[in-house]
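Each chain, written out:
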Amino acid sequence: MSLSRLIASIALVPAIGVAQVALPLKHKPVPTKPAITATDLMTRLYIFADDSMQGRQTGTAGHVKATAYIAAQVKALGLKPAGDNGGYFQNVPVVQRSFDPTSTISVDGAALYGIKDFVAGGGRGGASRSIDGAQVIYGGVAGDTLNPLTVDQLRGKLVIFSAAPPQAGGRDGRAGGGGRGGRGNANPAMSDVAGTATITSDSLFLIAARNSAPRSGTGLVFQSGDAAVTPPAAGALTISMKAAEVLLGMPVAQAQKGTLGKIVRGSLKFIESPVPARNVVAILEGSDPKLRNEFVAVGAHNDHIGMRAGGPVDHDSLHIYNEMRFAITGMVARGQQATPEQLEAVRNIRVNLDSIRKLRPVRLDSISNGADDDGSGSVTVLELAEKFASLPKAKRPKRSIVFVWHVGEENGLWGSQWFTDHPTVPRESIVAQLNMDMVGRGEKSDLPVGGPDYLALVGSRRLSTELGDLFETVNKLQKMPFRLDYQFDANGHPENIYCRSDHYEYARYGIPIVFATTGLHGDYHQVTDEPQYISYDHMARIGKLMYDMAVRVANLNHRPMIDKSLPDPKGRCQQ
Ligand SMILES: [Zn+2]
């Protein structure tokens, strides 16, 4: 255990974080070999998670560059393209939705203009509900839950809120992955409103108007064509004080919670421009004339969260701070609160940069490189592909292997939903899916249960007990078997990981899955998730285990037996 961690475990005294010398910032690539090795993984990950990939966000140039890298690799390996039109890419319909500044609405014939009086967010899901004919109602201060208005008062209304006064401090940087888990408004009575409009000060309104043109990678909408999944959402407007008075028909100061205002005419307009979003799909054809028509799917996600909206930060101090914060609160599950002692200990974290400043100057960093999330899974799948492709045809497994690098996982499992809704191989021919998301850390320094033999498994027996048993058998045959951690697979586990990564999009169609991960750490969804903090030996051993598992399933003389009830493919996932 390093010095900083020892200090961190003594939660009650001010904790001084000291820098550690990690691997180099840059790495000179060397030609890769067929075997699954730490060296190859390092070569690949330093390329795939380099700053030049700009955090690989869906819809951005970084995503295009990252997927081009994977496609070039599988092409060079001679794998069969299994994307659209004979290529390796399967395009996923994603548009960037931005507010159309020519939008106008009116009240009693008095016009309000887009950008000048109001702006609107592009919305997350599908279309926006219409506000045409909606009556205005004053909702009070945003977030104020006292004397809440009823669903009947709010139904079909345009609810005007005064902005809440700025709060001190945020929750510790845990973002959500995708998934079909819950997302919603704080006040359930808001479920049927036509829209909301938040009043901001004139200066803030100017900023909102300027920022209404979305940044690259934001304001994205997945056109899944599945209205069931993405019902129209309430419009979310930002309005000036003047517009609020026109909509309410009175000065805001005179309005009480529930005060009714004017009827709005007109609708919000949005511009939808297609943006790049693509899965990479490649096949290794099986050796058995019959079984080669069945597939073992091996997957990861190729996207991450891009650039830090808040601008650059000092990389080294954030990394040390994150490590210490995670050592104190990291295992506080989603939706649960850290204890006052833990919060006190976090407040007491002091980062000492003396030693590292001797080594290098401040590095300002705004790129979320996603080396572990999910650069680690993506390059490990590439290593499996390389080893499989190196086999003489006759020595290849009986069934075929389909490799899928999914886009849009961070946005809500978009790429895997699209692939499983529109598979480029017959869906019923996929006998199992092996998914890897964040397989590059998991050391003792990353999480209390970590270690060189640590691996967490989720979902391996949720549809097929046989598949889960088989994984254990294959693990036992490894030179250094993994200590398999099933804690995150418990029913009702607050992290809900079974629903939060791409494997679930296969499982919902009755395809048994195994999800492997080395778990969370302090750099999760931070600009500090970089290649120099990855455990390459550990990752290579996970790669060998997943390779052996894929071979085992691909050579079975029967499909893994499904012995559990099947989920509704369009239903809501709850672990
Ligand atoms: Zn991920």
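Remember, it's a predicted structure, so these values are computed and weren't measured experimentally.

> Outline the coordination of the zinc ion, listing residues and values.
Around the zinc ion, the donor atoms from the protein are H301 (NE2), D373 (OD), D437 (OD) and D437 (OD), and they sit 1.9 to 2.5 Å away. Coordination at the zinc ion is irregular, judged from the 4 donor atoms that bind it and the angles of 53 to 140° they form at the metal. Each donor residue of the zinc ion lies on one chain, and together they are spaced H-x71-D-x63-D. A residue pair is termed long-range when its members are at least 10 positions apart, and H301 in strand 16 (residues 295–301) and D373 in helix 10 (residues 371–389) qualify at 72 residues. Judged by its relative accessible area of 0%, H301 falls in the buried class. By relative accessible area, D373 is classed as buried at 2%.

> Pulling in residues and values, what's your account of the confidence of the model for the protein chain?
Here the protein chain averages 89 in pLDDT, and 90% of its residues register 70 or above. Under a pLDDT of 50 for its full length, residues 1–14 has, in the predicted model, 20 contacts with residues more than four places off or in other chains. Every residue in residues 169–185 scores below 50 in pLDDT, and together they form 50 contacts with partners more than four places removed in sequence or on other chains.

> Explain the nonpolar core to me, and be specific about the residues and the numbers.
Counting 62 residues, the largest nonpolar core has V298, F388, I401, F403, F471 and Y536 as the members making the most contacts within it. Sort the elements by how many residues they give to this core and helix 15 (residues 536–554) lands first, with 11 residues. Look past the residues within four positions of F388 in its chain and what remains in contact with it is L284, R396, P397, I401, F403, Y547, A550 and V551. Among the nonpolar cores identified, the runner-up in size contains 30 residues, and A297, M438, Y454 and A507 belong to it.

> Just give me the short version of the environment of N322, but keep the residues and values in it.
Tracing the sequence through the fold places N322 in helix 7 (residues 315–329). By relative accessible area, which is 2% here, N322 ends up buried. N322 sits 199 residues away from H521 along the chain, and the two C-alpha atoms are 8.4 Å apart. The contact partners of N322, leaving out residues within four places of it in the chain, are G522, D523, Q526 and T528.

> A description of the sheet that holds strand 5 (residues 104–107) should follow, citing residues and the corresponding values.
In space, the 8 strands of this open sheet follow the order 6-5-13-8-9-10-12-7, with mixed pairing throughout. Two strands close off the open sheet at either side, each with one partner strand: strand 6 (110–113) and strand 7 (118–120). Ignoring which end each strand starts from, the neighbouring axes of this sheet average 35° apart. Sheet analysis places strand 8 (residues 135–141) next to strand 9 (residues 158–162), joined by 5 bridges and oriented parallel. Counterpart to Y138 in the pairing with strand 9 is I160.

> Explain unusual backbone geometry to me, using residue names and the numbers behind them.
Between D373 and D374 the backbone carries a cis peptide bond, its omega angle lying at -10°. By the element assignment, D374 lies in helix 10. A positive phi angle, near 65°, is found at M438, a position not held by glycine. Tracing the sequence through the fold places M438 in the loop between strand 21 (430–436) and strand 22 (454–458). Positive phi, close to 50°, is recorded for N496, a residue that is not glycine. As for its placement among the helices and strands, N496 is situated in the loop between strand 23 (483–485) and helix 14 (503–507).

> If you had to explain the environment of G310 to someone new, which residues and values would you point to?
Mapped onto the secondary structure, G310 falls in the loop between strand 16 and strand 17 (313–314). Look at G310 and you get exposed, because its relative accessible area is 65%. In the structure, G310 is positioned 56 residues away from S366 in sequence and 8.1 Å away in space, judged by C-alpha atoms.

> Pulling in residues and values, what's your account of empty space enclosed by the protein?
Tallying each qualifying case throughout the model produces 3 cavities of 30 Å³ or more. Estimated volume of the largest cavity: approximately 220 Å³. Around the largest cavity, the lining comprises 17 residues; the ones closest to its centre are M438, I497, R500, L520 and Y524. Those elements that place two or more of their residues in the lining of the largest cavity are helix 11 (409–412) and strand 24 (513–517). By residue class, the composition of the lining of the largest cavity is 6 nonpolar, 5 polar and 6 charged.

Calculation notes
Residues numbered from 1 in each chain as written. Predicted model: local features only at pLDDT ≥ 70, side-chain atom pairs only at ≥ 80, totals over all residues. Heavy atoms only, no water. Donors = N, O, S within 2.8 Å, 3.2 Å for Na, K, Ca; no water. Tetrahedral: all angles 85-135°; square planar, octahedral: opposite > 155°, others 65-115°. Helix = DSSP H or I, 4+ residues; strand = E, 2+ residues; numbered from the N terminus. Buried < 20%, exposed > 50% of the residue type's maximum accessible area, 1.4 Å probe, protein only. pLDDT = per-residue confidence, 0-100. Contact = heavy atoms within 4.5 Å. Core = buried A, V, L, I, M, F, W, Y, C linked by side-chain atoms within 4.5 Å. Pairing = 2+ DSSP bridges. Axes fitted to C-alpha atoms, helices over the stretch in contact; angles between N-to-C directions. 1 Å grid on protein atoms, 1.4 Å probe; cavity = no way out; pocket = protein on both sides within 12 Å on 5 of 7 lines; lining within 4 Å. Points joined across faces, edges and corners; volume = space filled by probe spheres on them. Nonpolar A, V, L, I, M, F, W, Y, C, P; charged D, E, K, R; others polar.

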